[in-house]
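Each chain, written out:
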Amino acid sequence: MKKLFGLLSMVLLITVLAACGNGGAESSSGEGESASGDSGETKTIKAGIGLNSDHPQYKGLLKFKEIVEEKTDGAIKVDTYHSGQLGDDRSMTEALQLGTQEVVVPSTAPLANFVPEFSVFDIPFLFPNEQVADEVLDGEVGQELLGKLEEQNLVGLAYWENGFRDLTNSERAVASVDDFDGLKIRTMENDLHLDAFKALGANPTPMAFTELFTAMQQGTVDGQENPYATIYLQKFYEVQDHVSNTHHIYSPFVFLMSKSFYDGLTEDQQKIMKDAAVEAGKHERKLNREANEKYLKQLQEEGMEYTEISDEARQEMVDAVAPVIEDYKSKIGEETVDKVYKAIEEAQK
Ligand code: TK8
């Protein structure tokens, strides 16, 4: 009897797992179902990110979970995974396309491999500050770009923030373009980043974030670039000695949902997803800005040497990457580039 019961619960478990695993693609929930799920069927969202549980990105994901589970009365459950437990940005995005994962919040840079227009945000020194970035991303052109993700079986629900990126390395203090000479810098998997660092004189290598710590530890690369919050919370100070406020790029995150899962939801549920992604994003942006403000000091307390980039030195960097930007305009799409530049101008009025 005991054995039979064990067998039955096993079968039940497998059935439940299979139902969750298909990402709701063959959803039986039907059109008329309310947000709270009249049929009593529970859907589970597997949501993964690359950063660890101390990072605002994870706090944002927990906020999303809280809102969704409350607003759907438990009809949709959210399981959260951090630290690349489900993979890196690129492989998780592919999992969304396949319908084996429902949510990921990647940087926009690797997304350019799916929708080239996203590379517009990889133009160095594009956004002057976070407020302008918010306006452009949450405004018309930002939302238009999210729409392009549909062709890739992805639904872009909101922009979150990774933030302004700063350079760290284990070789030398970087104060100007000359100091980049030959530095082995890990970049995100993005061609524009790669070419921009080459133009600065560095020796860049693209690599998934999940490989980065070990690569720095083993000396495969000398350095990397990420916002202070990541440098601190991922303990990069343990393997990096120098940090400079290059602020060379503002890195957005995009909150992505698998299209097959999203399409299987009721209209009410879809709205709950969108609202929750936006709301959680506001929370994440706020925490992230607080974090980026406080962690530079803590990095110095951990023993990193801080080098300030003068206005003059930054202008040299702007000039060094200018030909690369020119070259990429047509690859990104002139129309998108122009629209973004215009929106930035508008936002500064
Ligand atoms: C986390 C990444 C990461 C990004 C990078 O998954 O790869 O350097 O800045 O933080 O999105």
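Remember, predicted model here, so these are calculated numbers, not experimental data. Residue positions are given per chain, counting from 1 as you read along its sequence in written order. It should be noted that, the model being predicted, local features are given only for residues of pLDDT at least 70 and side-chain atom pairs only at 80 or more, the latter also being counted only at that level, while totals for whole chains, interfaces and linings use all residues. The side-chain numbers reported here are obtained from all heavy atoms of the structure, hydrogens and water having been left aside.

A look at a negative patch on the surface
A contiguous patch of negative charge on the surface is contributed by Asp178, Asp181, Glu308, Asp311, Glu312, Glu316 and Asp319. Each helix corresponds to a stretch of at least 4 residues labelled H or I by DSSP, and each strand to a stretch of at least 2 residues labelled E; elements are numbered beginning at the N terminus. Its location among the elements puts Glu316 in helix H12 (residues 311-332). The exposure class assigned to Glu316 is partly exposed, which follows from its relative accessible area of 38%. Residues qualify for a patch when their relative accessible area is over 30% and they have no salt bridge, like charges being joined within 9 Å and the nonpolar side chains of Val, Leu, Ile, Met, Phe, Trp and Tyr within 5 Å. In short, Shrake-Rupley with a 1.4 Å probe defines the accessible areas, and a residue's cover is counted only from the protein chains shown. Basic side-chain nitrogens of Lys or Arg form a salt bridge, by our definition, when they fall within 4 Å of a carboxyl oxygen of Asp or Glu. By the counting rule applied here, Lys and Arg register as positive and Asp and Glu as negative, while His and the ends of each chain are not counted. Every charge is mapped to an atom, namely NZ of Lys, CZ of Arg, CG of Asp or CD of Glu. Only protein chains enter the area calculation, which uses a 1.4 Å probe; residues under 20% of their type maximum are buried, those over 50% are exposed, and those in between are partly exposed.

Things to note about empty space enclosed by the protein
Note on definitions: the grid is 1 Å and covers protein atoms alone; a cavity is a set of points where a 1.4 Å probe fits but cannot get out; a pocket is an open set with protein on both sides within 12 Å along at least five of seven lines; lining residues have an atom within 4 Å of a point. Grid points are joined across faces, edges and corners, and a volume is the space filled by probe spheres set on the points. In this structure the tally under the stated criterion is two cavities of 30 Å³ or more. As a volume, the largest cavity reaches approximately 210 Å³. As for the largest cavity, its lining consists of 19 residues, of which Asp89, Ser107, Arg186, Met188 and Phe209 are closest to the centre. Of the residues belonging to the lining of the largest cavity, the class tally is seven nonpolar, six polar and six charged. Here the term charged refers only to Asp, Glu, Lys and Arg, the term nonpolar to Ala, Val, Leu, Ile, Met, Phe, Trp, Tyr, Cys and Pro, and the term polar to all other amino acids, Gly among them.

Structural notes on the site of the ligand
Here, proximity means that at least one heavy atom of the residue falls within 4 Å of the molecule or strand. As a structural note, the neighbourhood of the ligand is formed by Gly50, Leu51, Asp89, Ser107, Asn162, Arg165, Arg186, Met188, Phe209, Asn226 and Phe253. One nitrogen or oxygen atom from the side chain of Arg165 is found 2.9 Å from an oxygen atom belonging to the ligand. Distance and chemistry together define a polar contact, namely a pair of N or O atoms within 3.5 Å, with one atom able to donate a hydrogen and the other to accept it when in protein, and with adjacent residues in sequence counting only for side-chain atoms on both sides. Within the side chain of Asn226, a nitrogen or oxygen atom sits 2.6 Å from an oxygen atom of the ligand. With the chains in place, 98% of the 300 Å² that the ligand exposes on its own is no longer accessible. Molecules are considered to sit inside a cavity or pocket once more than half of their atoms lie within 2 Å of its grid points. A majority-of-atoms criterion places the ligand in the largest cavity.

What to know about the nonpolar core
With 49 residues, the main nonpolar core has Phe118, Phe121, Phe127 and Leu149 as its most contacted residues. Per-element tally for this core: the top contributor is H12, with seven residues. Setting aside its immediate chain neighbours within four residues, Phe127 contacts Phe121, Val132, Ala133, Val136, Phe164, Tyr250 and Ile344. Here the nonpolar core consists of buried residues drawn from Ala, Val, Leu, Ile, Met, Phe, Trp, Tyr and Cys, with membership extended through side-chain atoms lying within 4.5 Å. Formed by 47 residues, the second largest nonpolar core is a distinct cluster that contains Leu51, Ala215, Val243 and Met304. Contacts are residue-level and defined by heavy atoms, with any inter-residue pair within 4.5 Å sufficient.

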